[in-house]
Amino acid sequence: MSGKRESVVDVQGTVEDGFEPVRDAFAANFDRHGERGAAVAVYRDGRKVVDLRAGTKDGDAEPGDPTAAPWEPGTAQIIRSATKGIAATVPLLLHQRGQLDLDAPVGTYWPEFKAAGKDRVLVRHLLSHRAGLPVLDTPLTPAQAVDGTSGPAAVAAQAPAWTPGTDHGYHAQTYSWLIGELVLRVTGRTLGAWVAEEISGPLGLDLWIGLPAAAQERVGRFAPVEPPARPAAAGLRVRPKQSVADAYADPASLTSRAFGAISPAPDENAPAYRAAELPASAGIATAPALARAYAALIGPVDGHPRLFAPATLTLARTEESAGPDRTLLVNTRFGLGFMLHGPASPLLGPGSFGHPGRGGALAFADPENGIAFGYVTNGMQPNVTADPRAQALVRAVSRVVG
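This write-up is about the structure you can find in this document. This is a predicted model, so every value here is computed, not measured.

## Let's talk about the overall build of the protein chain
The number of helices and strands found in the protein chain is 13 helices and 16 strands. Taken against the 2.2 N^0.38 rule, which gives 21 Å for 402 residues, the C-alpha radius of gyration of the protein chain at 20 Å falls within 12% of a compact globule. Dimensions of the protein chain, computed from C-alpha atoms along their principal axes, come out at roughly 70 × 50 × 40 Å. Buried residues in the protein chain amount to 56% of all 402 residues. Counted over contacts in the protein chain with a minimum sequence separation of 6, partners at least 24 positions apart contribute 68%.

In structure tokens:
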């Protein structure tokens, strides 16, 4: 008789031979880490090798409730800041096509942006969180945040919090209006429309930045979930001299102001918010769609040619910003729009690039191992870049490919 503890969750889906540790880790997340409903997918060399789901569709459903809707194969979820990595593909592909110069001043494409001493802010500064614009002097209301004009106008008028290009700090919310308006000025299309027409449509992805009404019923409700107790040093908990918790609690801190650029906090389950094109925080996706998107960045998928040329892939994961982050108060690493592997956001290895979402979601690619990974959850836990559920899955993938 085996002494191994059987999981109480019914895990659905498939894993290829050799990837069973990912299934074990996924099941263990429900037993050990308070998971309510989630899905994980992994591609290797352009082929799906893991596609798992379990739990309830809605994060506010009581565990074990027989009337709760289950997580179905097509269940999608808000991915918060994991949206940033998908959004970053757009300016990089525009650069690849010769439509956008990463070293040009943003004002070349968006003249109004030159105000308040921002005439020397470069496109690459927006992508690498070096523009000095993580906060707004006057936060936007939820209605203003999604109206398509108030956000771009606010960041265009905003004076930088530091000399652009000299330091970095995570642009938690303002990334939406900075990158979204840049793409609109260059292409005449919104970023969400560009993703739908150039990425999601051709690749058959259940992935949206701006959820269409027809897909609303497929999306589960996002809810806060209290995690089991864990060591204080895990994830983004403390830094020398000042705790991250104190910074979030201080309304005057750069940290609090960056995450509070929309105030009061929007209802992320509201149809209007889901339909909004907020490239920093409001993307909606299934786990297989996220993994497939990243697989397509690094190689062919089902006959579709790779999206990133070798030079563009190098740009995506070449370090642009590293060291103490003025917003997150830990050491972070960024390429052009993507977070890179490091202590604050462990991915598969040194060459990995992608983006976590505050509260759980994670998507990334590791070209050296041919791996693309997507994880989504409906249970928001208090982690910014290193959620223990996602990290358990990453470690399982590492054991398989290592």
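## Overview of the side chain of Glu-35
Of note, Glu-35 is situated in the loop between helix 1 (20-32) and strand 2 (37-44). A polar side-chain atom of Glu-35 sits 2.6 Å from a polar atom in the side chain of Tyr-375.

## Observations concerning the pattern of salt bridges
With the rule as written, the count across this model stands at 20 salt bridges. Residue Glu-35 is joined to Arg-389 by a salt bridge in which the shortest nitrogen-to-oxygen separation is 2.9 Å. Within this pair, whereas Glu-35 is found in the loop between helix 1 and strand 2, its partner Arg-389 is found in helix 13 (residues 388-401), the two being separated by 354 residues in sequence. We classify Glu-35 as buried; its relative accessible area is 6%. One salt bridge in this structure joins Arg-333 and Glu-319, with 2.7 Å as the shortest N-O distance.

## Things to note about the environment of Arg-292
Positionally, Arg-292 belongs in helix 11 (residues 287-298). On the accessibility criterion, Arg-292 (12% relative accessible area) is buried. For the pair Arg-292 and Val-384, spaced 92 residues apart in sequence, the C-alpha to C-alpha distance is 24 Å.

## Some remarks on the packing of helix 5 (residues 150-157) against helix 6 (residues 175-187)
Each pair of packed helices gets described by two things: the angle between the helix axes and the distance between those axes. Axis separation between helix 5 and helix 6 bottoms out at 9 Å; the angle between their running directions is 100°. On the basis of their axis angle, the class for helix 5 and helix 6 is roughly perpendicular. On helix 6, the residues touching Gly-151, Pro-152 and Val-155 of helix 5 are Trp-177, Leu-178 and Glu-181. When the residues that make up the contact of helix 5 with helix 6 are grouped by side-chain class, the tally is four nonpolar, one polar and one charged.

## Concerning the nonpolar core
Core analysis: the biggest nonpolar cluster contains 85 residues, and Leu-126, Leu-207, Tyr-294, Phe-308, Phe-338 and Phe-353 have the highest contact counts within it. Counting residues in hydrophobic clusters, the runner-up holds 28 residues, among them Val-15, Phe-19, Val-22 and Leu-362.

## Looking at the side chain of Gln-381
Along the chain, Gln-381 turns up in the loop between strand 16 (379-380) and helix 13. Here His-33 takes part through its backbone oxygen, which lies 2.7 Å from a polar atom of the side chain of Gln-381. Those residues within four positions of Gln-381 in sequence are excluded, and the remaining contacts are His-33, Gly-34, Val-225, Pro-227, Gly-359, Asp-387, Pro-388 and Arg-389.

## A look at the sheet that holds strand 4 (residues 77-78)
Strand order in this open sheet of three strands is 4-9-5, and the pairing throughout is antiparallel. In the strand order of this sheet, the two ends are held by strand 4 and strand 5 (207-208), each with one partner.

## What about the environment of Gly-337?
Along the chain, Gly-337 falls in the loop between strand 11 (331-334) and strand 12 (339-340). The exposure class of Gly-337 is buried, given its relative accessible area of 0%. As a C-alpha pair, Gly-337 and Leu-315 span 22 residues in sequence and 9.8 Å in three-dimensional space. Other than its neighbours up to four places away in sequence, Gly-337 contacts Lys-84, Gly-85, Ala-88, Leu-127, Tyr-175 and His-355.

## What about helix 13?
When the terminal C-alpha atoms of helix 13 are compared, their 20 Å separation across 14 residues agrees well with the 20 Å that a helix rising 1.5 Å per residue should span. By the criterion of burial, helix 13 is predominantly enclosed, with ten of the 14 residues buried. Those residues of helix 13 that fall on the buried side of the exposure criterion are Pro-388, Arg-389, Ala-390, Gln-391, Ala-392, Leu-393, Val-394, Ala-396, Val-397 and Val-401.

## Structural notes on unusual backbone geometry
Here the residue pair Ser-263 and Pro-264 is connected by a cis peptide bond, since its omega of 0° sits within 30 degrees of zero. Its place among the elements puts Pro-264 in the loop between helix 9 (254-259) and helix 10 (271-275). You will see that Asp-45, though not glycine, has its phi angle at about 50°, which is positive. Examined against the element boundaries, Asp-45 turns out to sit in the loop between strand 2 and strand 3 (47-55). Among the residues examined, Asp-45 registers a relative accessible area of 62% and is labelled exposed. If you check the backbone angles, His-129 has positive phi at about 60° while not being a glycine.

## Looking at the pairing of strand 15 (residues 371-377)
Along strand 15, seven of the seven residues are buried, which leaves the element largely enclosed by surrounding structure. Both faces of strand 15 are covered, namely the face carrying Ile-371, Phe-373, Tyr-375 and Thr-377 and the face carrying Ala-372, Gly-374 and Val-376. Relative to strand 15, strand 2 runs antiparallel, the two sharing seven bridges. Among the inter-strand pairings, Tyr-43 is bridged to a residue of strand 15, identified as Ala-372. Relative to strand 15, strand 14 (residues 362-366) runs antiparallel, the two being bridged by five bridges. Opposite Ala-363, over in strand 15, you have Gly-374 as the bridge partner. Taking the residues between adjacent antiparallel strands as the criterion, strand 14 and strand 15 are bridged by four residues, where Gly-370 takes a positive phi near 65°.

Definitions and cut-offs
Residues numbered from 1 in each chain as written. Predicted model: local features only at pLDDT ≥ 70, side-chain atom pairs only at ≥ 80, totals over all residues. Heavy atoms only, no water. Helix = DSSP H or I, 4+ residues; strand = E, 2+ residues; numbered from the N terminus. Rg over C-alpha atoms; globule rule 2.2 N^0.38 Å. Buried < 20%, exposed > 50% of the residue type's maximum accessible area, 1.4 Å probe, protein only. Contact = heavy atoms within 4.5 Å. Polar contact = N/O pair within 3.5 Å; in protein donor to acceptor, adjacent residues only side chain to side chain. Salt bridge = Lys/Arg side-chain N within 4 Å of Asp/Glu carboxyl O. Axes fitted to C-alpha atoms, helices over the stretch in contact; angles between N-to-C directions. Parallel < 35°, antiparallel > 145°, perpendicular 65-115°, else oblique. Nonpolar A, V, L, I, M, F, W, Y, C, P; charged D, E, K, R; others polar. Core = buried A, V, L, I, M, F, W, Y, C linked by side-chain atoms within 4.5 Å. Pairing = 2+ DSSP bridges. Expected span 1.5 Å × (residues − 1).

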